[in-house]
Structures are given as structure tokens and as C-alpha cells.
Amino acid sequence: QVHLVESGGGLVQAGGSLRLSCAASGSIFSINHMGWYRQAPGKQRESLAYITSGGTTNYADSVKGRFTISRDNAKNTVYLQMNSLKPEDTAVYYCQIVVIVGVNGYDYWGQGTQVTVSS
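Throughout this description, residue numbers start from 1 for each chain and increase along the sequence as written. Reporting of local features is limited, given that this is a predicted model, to residues whose pLDDT is at least 70; pairs of side-chain atoms are given and counted only at 80 or more, and all residues count toward the totals for whole chains, interfaces and linings. Side-chain descriptors were evaluated using all non-hydrogen atoms of the structure, hydrogens and water having been removed beforehand.

A. Representation of the pairing of strand β1 (residues 2-7) in the model. Here β1 shows a buried face lined by V2, L4 and E6 and an unburied face lined by H3, V5 and S7. DSSP calls a pair of strands paired once it identifies at least 2 bridges connecting them. The helix and strand labels rest on DSSP assignments: H or I over at least four residues marks a helix, E over at least two residues marks a strand, and numbering proceeds from the N terminus. With six bridges connecting them, β1 and strand β3 (residues 18-26) associate as antiparallel partners. Bridge pairing in β3 places H3 opposite S25. Only protein chains enter the calculation, and the probe is 1.4 Å; a residue is then buried if its accessible area is under 20% of its type maximum, exposed if over 50%, and partly exposed in between.

B. Main features of the environment of L48. Tracing the backbone through its elements, the reader meets L48 in strand β5 (residues 46-51). Beyond its immediate stretch of four places on either side in the chain, L48 contacts W36, Y37, R38, N58, Y59, A60, V63, F67, L80 and Y93. The contact definition used throughout considers only heavy atoms, calling two residues in contact when any of these lie within 4.5 Å.

C. Region of the structure containing the sheet that holds strand β8 (residues 77-82). Reading across the sheet, the four strands line up as β1-β3-β8-β7 and stay open at both edges, with antiparallel pairing between neighbours. Edge strands, defined here as strands with exactly one partner in the open sheet, are β1 and β7 (67-72). Going across the sheet, the axis of each strand differs from the next one's by a mean of 15°, ignoring polarity. Direction of pairing for β3 relative to β8: antiparallel, over a ladder of six bridges. Opposite R19, over in β8, you have Q81 as the bridge partner. To define axes, lines are fitted to C-alpha atoms, for helices over the stretch in contact only, and angles between the resulting N-to-C directions are given on a 0 to 180 degree scale.

D. Inspection of the nonpolar core at higher detail. Nonpolar cores were defined as sets of buried Ala, Val, Leu, Ile, Met, Phe, Trp, Tyr and Cys residues, with membership established by side-chain atoms within 4.5 Å. In this structure, L80, M82 and Y93 are the most contacted members of the largest nonpolar core, which totals 31 residues. Secondary-structure elements contributing two or more residues to this core are β1, β3, β4 (31-39), β5, β7, β8, β9 (91-101) and β11 (113-118). Counting residues per element, this core draws most heavily on β9, which supplies five residues. The contact partners of L80, leaving out residues within four places of it in the chain, are L18, R19, L20, W36, L48, F67, T68, I69 and Y93.

E. Region of interest: the packing of aromatic side chains. Aromatic rings from Phe, Tyr and Trp, with only the six-membered ring used for Trp, were paired whenever their centres fell within 6.5 Å, and each pair was classed as stacked if the ring planes differed by under 30 degrees, edge-to-face if by over 60, and tilted otherwise. Evaluated as defined, the whole model comprises one aromatic pair. In this scheme, the term charge over a ring applies when either NZ of a lysine or CZ of an arginine sits within 6 Å of the ring centre and within 35 degrees of the ring normal. When the ring centre of Y79 is taken as reference, the NZ or CZ atom of R19 above it lies at 4.0 Å. Lying across the ring of Y94, R45 places its NZ or CZ 3.8 Å from the centre.

F. Local environment of unusual backbone geometry. The backbone of N76 sits at a positive phi, close to 50°, despite the residue not being glycine. Tracing the chain through its elements places N76 in the loop between β7 and β8. Phi angles above zero are rare outside glycine, and S84 is one such case at about 50°. By the secondary structure assignment, S84 is in the loop between β8 and β9. For S84, a relative accessible area of 41% corresponds to the partly exposed category.

Right under this line is the structure:
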């Protein structure tokens, strides 16, 4: 069993910054991709960024240049540094990891953390 715990969400003014963390624990042998998603009210869940086990990163256009994803493999933790936040960034943010067991990959999700950006 794998458990993800997110932290770092909250209320911030436009232009401000927040740093989200997501720590994985449990039966983890090998984490492949780690990523962040968000879902605003009435909208579909949106992929924001991911980072591979080798450190390659990818970002959605909506956050490119403002958000930075990173990971600490020793701590099984992924981070999302969010700068220059905008009101439209308001959403519930979720982390996701892909754990490799043999030849299979398994998705795990965090419980979500609310980010609210005031104008």
C-alpha cells in the first residue's frame, strides 16, 4: 500500500508564491514519474507538470515559467514551487506518482490541497 500526503496549500494574494509538497510512504520500490494536477470547480482535472526518475521535467503552457517541479528521491517527495500566482490558479491541487513493480506501473494520488489566490 502506498500513501501520499500533501501539504503547503493555502490562501495567497495574486503575485505571491506557495510551495506544495507531496510525500509518499509505504511499499515503494521504484517511483517513476511524479506529477502535479489541479482541478478548479466545474472544470476537468488538468495536468500541470511531471518529473521523471531521471529528472526530466515537463510543464503545461498555463504554468510554464511560473511553476517549478522538483523531487527528492531519498525522501520520496515531490515539490511544486508556484510563483507569480494568479486568481485563475485557484483550484484543488493533487500529486500523482507512478510506482513500478516488475513490469507494471501503478498510479497513486494524494488527497488534494486547496490553493486560493485572491485578486
